[in-house]
Amino acid sequence: MSISHQSHSSEPDLDPRNMIRVRGASENNLRNVDLDIPRDALVVFTGVSGSGKSSLAFGTLYAEAQRRYLESVAPYARRLIQQAGTPQVESIEGLPPAVGLQQQRSVPQERSTVGSLTAISNVLRMMYARAGDYPVGQPVLYAEDFSPNTPQGACPECQGLGRIYDATEASMVPDPSLSIRQRAIASWPGAWHGQNLRDILISLGYDVDKPWRELPQSDRDWILFTEEKPSAPVYPDLDYEQIQEAIRSGRKHDYMGNYTGARRQLLHMYASADNPGRRQRLEPYLVVGPCPLCHGKRLKPEALSVTFGGMDIADLFRLPVTELQRRLEEAVQAHESPKADSAHRRATEKALIARRLVEDAAGRLDRLIAIGVGHLSLDRPAPTLSSGELQRLRLATQLISKLFGVVYVLDEPSAGLHPADGEALLESLAALRDAGNSVFVVEHNLDIMKQAQWLVDIGPEAGERGGQVLYSGPPAGLADVERSITRRYLFADSASVLRERRTPEGWLKLNRVSYNNLNELDVEIPLGCLTAVTGVSGSGKSSLISGALPALLAPHLGNLPAEPAEEGEEEQPGEISGEAGGDLDSLRRLVRIDQKPIGRTPRSNLATYTGLFDHVRKLYADAPLSRERGYKAGRFSFNVAAGRCPSCEGQGFVQIELMFLSSLYVPCPECGGARYNAETLEVTWNDLTIADVLALTVEEAVDVFAQQPAISRPLSVLLDLGLGYLKLGQPATELSGGESQRIKLAAELQRTQRGRTLYLLDEPTNGLHPVDADRLLRHLDALVRAGHTVIMVEHNMRIAAQADWMIDIGPGAAAEGGTVVAAGTPTEVSASGRSRTAPYLLEHLASDSSAS
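Values in this document were obtained by computation on a predicted structure and should not be read as measured data.

### Notes on the overall build of the protein chain
Consideration 1: Counting its secondary structure elements, the protein chain contains 31 helices and 26 strands.
Consideration 2: Counting only residues that meet the buried cut, the protein chain has 54% of its 852 residues in that class.
Consideration 3: The contacts of the protein chain with a sequence gap of at least 6 include a subset with a gap of at least 24, amounting to 71%.

This is how it looks when you write it as structure tokens:
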């Protein structure tokens, strides 16, 4: 059964006047590529990871279109373009303006939501303002009064955040057996500032050497919660008795100090923290709770008193998009009920306004449902969305905008999408094309390739062994290109060859699990097996595997290490309840390998995360010139002032503000992007500077460090996971979620395996060409053969079909999901009549004779 029941393909217009002609493209690993691509067509770029397809689609075509646009906007932009560089291409003719929809984790800000990103929130706020049901006597509000991001609408207590930060005695003083001098008040700043507060307290007559719990409650309350700001003379380095004597005798003090209550001090430091790391260090001393005024709804009371269809706007925004659309239609029909009395003329007017605005909102909601994000709610914070969901939201916005005559360049729009939603995605791409646009898609999904009008296959392999156009034409023609790795999978004669399935060594049982849309769920997971958890987006897969499972196992495995939330990220709503049972004694630890970034800043990269850079720096510290100058390994860290470039502080680039456009990052003019100062770069190893090493790809570095086992071992794993094209110094902020996850897996695979481990992976094949997905599967299979248990949330049916066991969650999303639809071997799950996964799984099991 195919993902598509009707073809979106048609013969593209091959008139030379309707072609984009690329000549001499040499961006990154592209090897002087000449290429003609039809406009007004659905064009798919394929190839293994690192083959050069993104360099062609984004680095060349989109980048050149953007450069031409910027050049037309303002004369001064030419200087910035020159700094940023231009694509390495001789010429491109026939290139229309371009819109790039790339996968990225960064979002505008913490307050961004699904509703604000798609502008649906604006329509619904207008509806509440003009057609809502107001309490008797309340003045009419404006649309901005229903936004928590405006001064007019935000809750005055929490400023529109929905939560408040406070501090208690227990949070600020975690160990009351300590004295103030021993830092009982752990929330106090360290170094001089904390000592200053202690010295002021001594001058004010408080005992800083008595255990905190032995101080009178009145003293403890004043020290922590006073709003007074008294001044007192400060005598550093004197003890309590000496200070009291100095005050009595009128001895001159060093200075006058002002005391601030510990709670006030903490809240001020948190509010003024200028980076995520500092806020994260302060958070353990804070208590976070829902705002007592708005109860987490973020709006002022007047806005929350207005209803539509019996719901305030905050409750409406919490509904999944599919449910929201239904409720809006029901509510507008209720408004349209005939009124016999002329006194209801105002009600009739409101009904007409409501119908017009609901129709507008419904059209936008249709687009969200069509691209597979109908499970999201409008108030879902943007930072909690996957990169694939973010890209599809931007796609929906473009469909609504109805632009004409542009090139849309998309980066794997099917990432994180269940095959059941694939047809709707293809309909959306076809709609963009039929509106008079060109749609260029970088994609690994075989079903998307089959529906393309034109296929460009780059390869044959990654890095230096790629960068060539192997084929450009209608998809069927690729069958004759023997050098193409993509061809082997696109035109496979039979389903995957499956190995013999393993027998479970025991069972992990979760009982009565409730979390998000999971309601009293019971599920059994085999140990010593590879298990695939499937289901449509929003069905509850991640709630079960990434949320409930680790939390319920924590009491048995010890507290699991907490993963810091990303900037702006909030915890998923709801409390986790349930219990874990079964053969728990056979598990020793749990490892989560998710798609969160390996670091928050460009200073984090592949080399630093895997630990191999520590060994590289030691090599440079042992170089003759380093020993002569006394350089230690720290000198070769771009985070240390002694060795890094002083201009960019080791980042390799500087930021340029473009006023009305997004900020531009350009190579540092002093170090040229090398990150280090000139003296550090004078040290070489095998004729390479430390900056040269960071510029190496993994594939190149394997050869360079072949005689250095501590470095070559992690490099070999990275190479085998299909990451040979990444540079060692590739900033964490430039890595996709799939790349980050594979780097984490590589770091885990090079460690000595201790005991029996439960590995949890979230869509590990995202962003992988089928051949790279097979390599990944071999590593996961090796973990299971070594006695471990692997559970992966997966949408790739070709990979899921090769698991030992499957658990399908659904049948639908949000309230329509959250149950185990089917569990068993892939063959057993494929026979389920309720499963939306079953039909897509079946085609990969056609030749599975070994399944039990």
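Now, onward.
### Here we look at the state of the cysteines
Consideration 1: Counted according to the given criterion, the structure contains 0 disulfides.
Consideration 2: Between cysteine 291, a cysteine without a disulfide, and cysteine 155, which holds the nearest cysteine sulfur, the sulfur-to-sulfur distance is 3.7 Å.
Consideration 3: Here cysteine 291 falls in the buried class, since its relative accessible area comes to 1%.
Consideration 4: Here cysteine 294 stays unpaired: no disulfide links it, and the sulfur of cysteine 291, its closest cysteine neighbor, is 3.8 Å away.
Consideration 5: Accessibility expressed as a relative area gives 2% for cysteine 294, which makes it buried.

### Focus on the pattern of salt bridges
Consideration 1: Applying the stated criterion across every chain, the model contains 36 salt bridges.
Consideration 2: In this structure, the salt-bridge partner of arginine 181 is aspartate 209, at a minimum N-O distance of 2.5 Å. Of the two residues, arginine 181 sits in the loop between helix 5 (169-172) and helix 6 (191-203) while aspartate 209 sits in the loop between helix 6 and helix 7 (217-225), which places them 28 residues apart along the sequence.
Consideration 3: By relative accessible area, which is 43% here, aspartate 209 ends up partly exposed.
Consideration 4: Linking lysine 297 and aspartate 315 is a salt bridge whose minimum nitrogen-to-oxygen distance equals 3.1 Å.

### Regarding the side chain of arginine 198
Consideration 1: Relative to the helices and strands, arginine 198 is located in helix 6.
Consideration 2: Overall, arginine 198 belongs to the buried group, its relative accessible area being 17%.
Consideration 3: For arginine 198, the residues in contact, after removing those within four places along its chain, are Ile180, Arg181, Trp188 and Val208.

### What about the nonpolar core?
Consideration 1: Membership of the largest hydrophobic core comes to 76 residues, with the highest contact counts inside it found for Leu124, Leu316 and Leu328.
Consideration 2: There are two domains that each give this core at least three residues, and those are domain 1 (19-97 + 405-491) and domain 2 (114-154 + 307-371).
Consideration 3: Excluding anything up to four places from it in sequence, leucine 316 contacts Leu124, Met127, Tyr128, Met311, Leu324 and Leu328.
Consideration 4: Of all hydrophobic cores here, the second largest spans 73 residues; its members include Ala532, Val591, Leu777 and Val829.

### Quick word on the sheet that holds strand 15 (residues 468-473)
Sheets are built from strands paired through backbone hydrogen bonds, the pairs being either parallel or antiparallel.
Consideration 1: Strand order in this open sheet of 6 strands is 5-12-13-3-14-15, and the pairing throughout is mixed. Across the chains shown, the open sheet's two edge strands, defined by having one partner strand only, are strand 5 (98-101) and strand 15. Between one strand and the next, the sheet's axes are offset by a mean angle of 15°, whatever the strand orientation.
Consideration 2: In terms of strand pairing, strand 12 (residues 407-411) meets strand 13 (residues 438-442) through 5 bridges, oriented parallel.

### Here we look at helix 16 (residues 422-434)
In an α-helix, one turn spans 3.6 residues; hence positions three or four apart end up facing the same way.
Consideration 1: Along its 13 residues, helix 16 runs 18 Å from first to last C-alpha, staying within 8% of the 18 Å computed at 1.5 Å per residue.
Consideration 2: Along helix 16, the residues that are buried comprise Gly422, Glu423, Leu425, Leu426, Ser428, Leu429, Ala430, Leu432 and Arg433.
Consideration 3: Glycine 436 sits one or two positions beyond helix 16 and adopts a positive phi of about 100°.

### So, the packing of aromatic side chains
The geometry of two aromatic rings is summed up by the distance between their centres and the angle between their planes.
Consideration 1: Within the structure shown, the criterion is met by 13 aromatic pairs.
Consideration 2: Ring plane angle 50° and centroid distance 6.0 Å describe the contact between tyrosine 128 and phenylalanine 146, whose orientation is recorded as tilted. Here tyrosine 128 is found in helix 4 (residues 120-131), whereas its partner phenylalanine 146 is found in the loop between helix 4 and strand 6 (163-166), with 18 residues between them in sequence. For the pair shown, tyrosine 128 and phenylalanine 146 are each scored as buried.
Consideration 3: Geometrically, the ring pair formed by tryptophan 507 and tryptophan 805 is edge-to-face, given 5.2 Å between the ring centres and 75° between the ring planes.

### Structural notes on the confidence of the model for the protein chain
Consideration 1: Within the protein chain, residue pLDDT values average 86, and 88% of them lie at 70 or more.
Consideration 2: Within the model, the stretch residues 1-7 combines pLDDT values under 50 with 18 contacts to residues more than four positions away or in other chains.
Consideration 3: Scored below 50 in pLDDT, residues 561-573 shows 29 contacts in the model against residues more than four places distant or in partner chains.

### Re unusual backbone geometry
Most of the time, phi is negative for any residue but glycine, and the peptide bond is trans.
Consideration 1: Following glycine 459, the chain continues into proline 460 via a peptide bond in cis, with omega recorded as 5°.
Consideration 2: With respect to the helices and strands, proline 460 occurs in the loop between strand 14 (454-459) and strand 15.
Consideration 3: Residues glycine 810 and proline 811 are joined by a peptide bond in cis, for which omega reads 5°.
Consideration 4: Relative to the helices and strands, proline 811 is located in the loop between strand 25 (805-810) and strand 26 (819-824).
Consideration 5: Although it is not a glycine, glutamate 649 adopts a positive phi angle of roughly 55°.
Consideration 6: Assessed through its relative accessible area of 41%, glutamate 649 is described here as partly exposed.
Consideration 7: At arginine 675, a position not held by glycine, the phi torsion is positive, near 85°.
Consideration 8: Within the element layout of this structure, arginine 675 appears in the loop between strand 22 (661-667) and helix 23 (678-681).

### Things to note about the environment of glutamine 730
Consideration 1: Mapped onto the fold, glutamine 730 is located in the loop between helix 26 (709-720) and helix 27 (737-749).
Consideration 2: Exposure remark for glutamine 730: the relative accessible area of 18% places this residue in the buried category.
Consideration 3: With 35 residues separating them in the primary sequence, glutamine 730 and alanine 695 have C-alpha atoms 8.1 Å apart.
Consideration 4: For glutamine 730, the residues in contact, after removing those within four places along its chain, are Ser604, Asn605, Leu606 and Leu735.

Rules behind the numbers
Residues numbered from 1 in each chain as written. Predicted model: local features only at pLDDT ≥ 70, side-chain atom pairs only at ≥ 80, totals over all residues. Heavy atoms only, no water. Helix = DSSP H or I, 4+ residues; strand = E, 2+ residues; numbered from the N terminus. Buried < 20%, exposed > 50% of the residue type's maximum accessible area, 1.4 Å probe, protein only. Contact = heavy atoms within 4.5 Å. Disulfide = S-S within 2.5 Å. Salt bridge = Lys/Arg side-chain N within 4 Å of Asp/Glu carboxyl O. Core = buried A, V, L, I, M, F, W, Y, C linked by side-chain atoms within 4.5 Å. Domains from an automatic or database assignment. Pairing = 2+ DSSP bridges. Axes fitted to C-alpha atoms, helices over the stretch in contact; angles between N-to-C directions. Expected span 1.5 Å × (residues − 1). Phe/Tyr/Trp six-rings, centres within 6.5 Å; stacked < 30°, edge-to-face > 60°. pLDDT = per-residue confidence, 0-100.

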